[in-house]
Structures are given as C-alpha cells and as structure tokens.
Amino acid sequence: MDTKTAIEVKPQPDNYRCTWHLPHDGRIVDLPGELDLKVHRYPEGAVFAEIPGTWTIHETMKVMSFPQEREFPVLKCSLENGLHATLLDCSILIWAENRAAIYARYALVGYRAESDVSRIDRMKVQVSGIDSLFGKAPIKGHSMPISEKVVKVGIWSVEQDPESAQVWEDDGAKMTASFDSSITTADPYYFRMCHSPAVLIDTKEPIDFDTALREWVEPLTDLAALALGRPQRITYLAVGRRNGEEAPVGWTKHQVYGVGIHQDPYNSSLKGVTENRSVIKWSAGEISPLEALRRWQELNSSHHPLVETYGSFLNIRAQHPRASYLLLLQALEGLHGYENRESERERGQRHRDRKSNVLQALRSCLSLSPGDLKFLKGSISNNPPKGLDSRLRESFSQIPADVIQELNKTDLIKAAMADSRNPHDAADALRIIRNDLAHGNKGYPVEDLATVARILEQVTRAHFLRILGYSESVQVRAVISDAH
C-alpha cells in the first residue's frame, strides 16, 4: 500500500517488462515486450519479437513489408511483477521484423488475468475536492492524555464516525460515499492515521467500460466541478466485478490508466475541505448525488443545450474571456429556448397565421405585383421577434439573486450603456456586445469581458443546479460568492 494515501494503488514504475498475449488464428501467441503506464497519458507498449502474420506469400516468395498495422478491441499482457493488464482499443504498429509499438485508449491493471473487464458492475472513484461535497468527516472525536510530564502517559484514541459513510440506492444502482483509512503499524516512534475520500458505485446489471465512464464517472467529475465552481480531475479510478459480494473487499478490481486519470489520490484535511467551499453538501438533505447523476444522464441522452454547451466545458482549465462570454450567452439562450419550446412553438404558429391573414388581406384590397408580394413575404419573418435580450431578462429573473444590479456595476456594461445605439438595460447591452463580438464589428477590453463572464457563469451555474433539482439556497450560494 502506498504510504502517502489511504487508497490502495498499484506501484508505478513507468515501464513494465511483460508478456503480450496476442490472438492469432484462433490461438494465443505469447510475445516478450514492455508496457508503459504514465499519469494522464495513453498507455503505450512495445513487442520485441516477430508478430505472426507479418509475412505474406507472393507467388513463390514470402514477403514482409513495413509498416503494418493491426487493430484489437482488447489486448492482454502479464507483467513481471505479477499484475495483469487489459488494454482497450489497441493499435499495433509493426515497423520492423521483430519490433512493434502498441497504443491503447485505456489500460486496466489488476491481479486477475482471467477477469472479463468488458462487463463491470462496480466503480471506485476519487475526484479532487469530492470530500467537500460529502458534508461529513470520518473522525467523530479524539482524546489524548493530559499531563504536565515530559512523557504523557495514557491512551491516545480516535473515534470513527460510522455515519460518515453515506449510502443511496435506486432500482438500478447503489452509491456509497465514504473514506478509506490507513494507519502506521509496528513503528514505536511514529503513529499516523489518514483518510481518503472515495465514491463506490454499484450497478445492478453489468455495463461496459465506456458506459461506466459516460454515465457515472464523467458526470460525477462534472458534478464536483459544478459544486466547487472550478475544474476538477479524476485522481483515482478502479473498475471490476463484485463476484457476488457486496463488501468493498469482495470484488475483482482493476486500476485504470489513461488520459484523464491522474493517479494522485489524496488524503482529506480540514484545510482542504474548508478551502474548497462546495455549494452542495450531500449530507444536508438536498437531492441525493445518485438522483443528481440520474438526472445528468437524462440531460445527456436528451442533448440538453446547457449540458452540451456549459456542461462540456466544466472541466476545461482555461478559456479566453471572449470565448467564455459567447459560450455562456449561447448556453443561457439555448436553455431558455429548450425550456420554453412548447410556448415558442405555439407563439410562432400564431405569428405565421397572422402573417398569412395580413398578406391575404393586402392581396384582396391592393393590386400587388408578384414581385411586390414576394418582397413582402420575404421581409416579414416567419418567426415572432424575440431577441437575446428578452431571453436573458427571463433567465436572470429565474435566479434568486439580483444579477442585473451586479452587471450594472461592471465597466463593460457602463461603457455599453453610453453607446450611441442606446441599449435599454444591461440585458440589451449584453446583446449588442455579443453581436459585435460574433460579427467582428467591435472588440472590447479582455479584463472587462472577463468580469462580466464571471457573473454570467455564476448565473449559468445556478441554472444548471436548478435543472438538476437543487433548491434556491444552493442556487444562491452559486451566484453570490460570499454566501458560501
């Protein structure tokens, strides 16, 4: 076990000597090579032997040409240290008679070679800052000897809080938020106890690896980013099968290596939990994280515009303020259209009916040429007028905070209100600025755009929390920075 964290991790020299088990003509061929596993990188490997099938028969001669490429959805190897790895979506580039390079999307490393990793029903995930969402600490209390002597005589004790492990369950899955613990042993000079936060997700039916990532691991990471107001990352991920056991120890576990997996699990601390300041506390009686993830899955499957715009950038480390400004306005406009699509459809139909009636009346009382009639039809829109500004006003009004007042204080809006185009209010000014940026009419100071983009992100974040089902108090904490 790694002494730096309570989560069990595999030893990590970058390169492992291994034996590759290559499928060929219905049998498995063992070939020597190596596997390279690095943090937040695609797994890579090498083969140091001739790969069967590289020769071809040309008339009476055997011919070998390079480079050659093979594709394998799954490829396995045995490591010298006794571990086994299963690589997913592999490409083998054969570049010499006895040399080949292997590239894969993910590597799943564990102690069981025969395990079927294509179907999993358990995931153990640690995401940076996730303990701030738990809302509970693992230690309930502690005591120490009270003595004026140099050597304090007595018992030092720590009381664990059994309620720090929180469990939620529905018809298809169970989710557990708890802490792995670790202590030093057999050292008469030093004693340490630490706790690492982790989320255990069990599905009633096995799912494939990509489904596990898409429906559970990635939304959990995004939920942490949404709660903490900044990008987060996966610090540890293991997947496997429960083997009929419910206990965390009763499963075949494979640690995952690949892009997006940072392999740096951490121990919790009061300082870290306090500084992260999550707007969501799972212990506070709001909707459960399992409910939130289920809702996230629904939004993903329905291509909800807020998820596909703002949600797609929750864990992007940096964006130019101009790009952020345009993205956030697009997200709010898309959200408004999505939530009001029925009323907008009815309003549009009424507008088109009225247009048809007006044109019919004009034809009956005026002698219009075909060209005039075509001009009128093209000049009157088929959709009723409703710009970005009106959509923004409605979006701002749904948030339990005075967003307009905050926007009016910014230099960007102050300057826009003095523009010769005479915007009506902050929402109208935002529309004019958006049009200028989108069409290249005019540029604005980056610092001023950044200030307004931060406010717009608070609004968008609050809306995201709202559609997930969180209360107004949570939304307020997302909008007002000092409400944490």
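Residues numbered from 1 in each chain as written. Predicted model: local features only at pLDDT ≥ 70, side-chain atom pairs only at ≥ 80, totals over all residues. Heavy atoms only, no water.

(A) The arrangement of the pairing of strand E7 (residues 84–96) in detail. The element E7 is extensively covered by neighbouring structure, given that 10 of its 13 residues are classed as buried. Summarising the sheet, strand E6 (residues 68–79) and E7 pair through 10 bridges and their orientation is antiparallel. Among the inter-strand pairings, phenylalanine 72 is bridged to a residue of E7, identified as cysteine 90. The antiparallel hairpin formed by E6 and E7 contains four residues in its connecting segment, where glycine 82 sits at a positive phi of about 95 degrees. One ladder, built from five bridges, connects E7 with strand E9 (residues 106–110); its direction is antiparallel. Note that in E9 the partner of leucine 87 across the bridge is alanine 107. Of the pairings in the sheet, the one linking E7 to strand E8 (residues 99–103) comprises five bridges and is antiparallel in character. Within E8, the position partnered with serine 91 by the bridge is tyrosine 103. In this structure, the hairpin formed by E7 and E8 is closed by a connection of two residues. (Buried < 20%, exposed > 50% of the residue type's maximum accessible area, 1.4 Å probe, protein only. Helix = DSSP H or I, 4+ residues; strand = E, 2+ residues; numbered from the N terminus. Pairing = 2+ DSSP bridges.)

(B) Up close: the nonpolar core. Of all hydrophobic cores here, the largest spans 87 residues; its most connected members are Met123, Ile130, Trp282, Tyr325 and Phe464. Broken down by element, this core gets its largest block of residues, 12 residues, from helix H2 (residues 209–228). Residue contacts for tryptophan 282: discarding those within four places in its chain leaves Ile130, Leu133, Phe134, Gln166, Trp168, Met175, Ala177, Val199, Leu220, Leu223 and Pro289. (Core = buried A, V, L, I, M, F, W, Y, C linked by side-chain atoms within 4.5 Å. Contact = heavy atoms within 4.5 Å.)

(C) Quick peek at the packing of helix H6 (residues 321–339) against helix H13 (residues 446–468). One can describe the packing of H6 onto H13 by two numbers: an axis separation of 8 Å at closest approach and a directional angle of 30 degrees. Judged by the inter-axis angle, H6 sits roughly parallel to H13. For H6 against H13, the interelement crossing comes out left-handed. Seen from H6, the contacting residues are Pro321, Arg322, Ser324, Tyr325, Leu328, Leu329, Ala331, Leu332, Leu335 and Glu339; seen from H13, they are Val446, Leu449, Ala450, Val452, Ala453, Leu456, Glu457, Val459, Thr460, His463, Arg466 and Ile467. (Axes fitted to C-alpha atoms, helices over the stretch in contact; angles between N-to-C directions. Parallel < 35°, antiparallel > 145°, perpendicular 65-115°, else oblique. Left-handed = near helix turned anticlockwise from the far one by under 90°.)

(D) Focus on H2. Here H2 contains 20 residues, and its C-alpha end-to-end distance of 27 Å stays within 8% of the 28 Å for a straight helix at 1.5 Å per residue. Residue valine 217 marks the point of greatest curvature in H2, where the axis turns by about 30 degrees; the proline proline 219 follows within four residues. The buried count for H2 comes to 16 of 20 residues, which makes it a mostly enclosed element. The backbone nitrogen of aspartate 210 has a side-chain oxygen 3.2 Å away, supplied by the residue at the start of H2, namely aspartate 208. One or two steps after H2, the chain reaches glycine 229, where phi turns positive at roughly 80 degrees. (Expected span 1.5 Å × (residues − 1). Bend = angle between axes of the 7 residues up to and from the residue. Polar contact = N/O pair within 3.5 Å; in protein donor to acceptor, adjacent residues only side chain to side chain.)

(E) Expanded view of the packing of aromatic side chains. Tallying each qualifying case throughout the model produces six aromatic pairs. Note on phenylalanine 134 and phenylalanine 179: the rings are 5.3 Å apart at their centroids and 75 degrees apart in plane angle, and the pair reads as edge-to-face. On the criterion of sequence distance, the pair formed by phenylalanine 134 in helix H1 (residues 131–134) and phenylalanine 179 in strand E14 (residues 173–183) is long-range, its members being 45 residues apart. Residue classification places phenylalanine 134 among the buried residues on the basis of a relative accessible area of 0%. Judged by its relative accessible area of 14%, phenylalanine 179 falls in the buried class. Of the aromatic side chains, those joined through ring pairs into one cluster are Phe134, Trp168, Phe179 and Trp282. (Phe/Tyr/Trp six-rings, centres within 6.5 Å; stacked < 30°, edge-to-face > 60°.)

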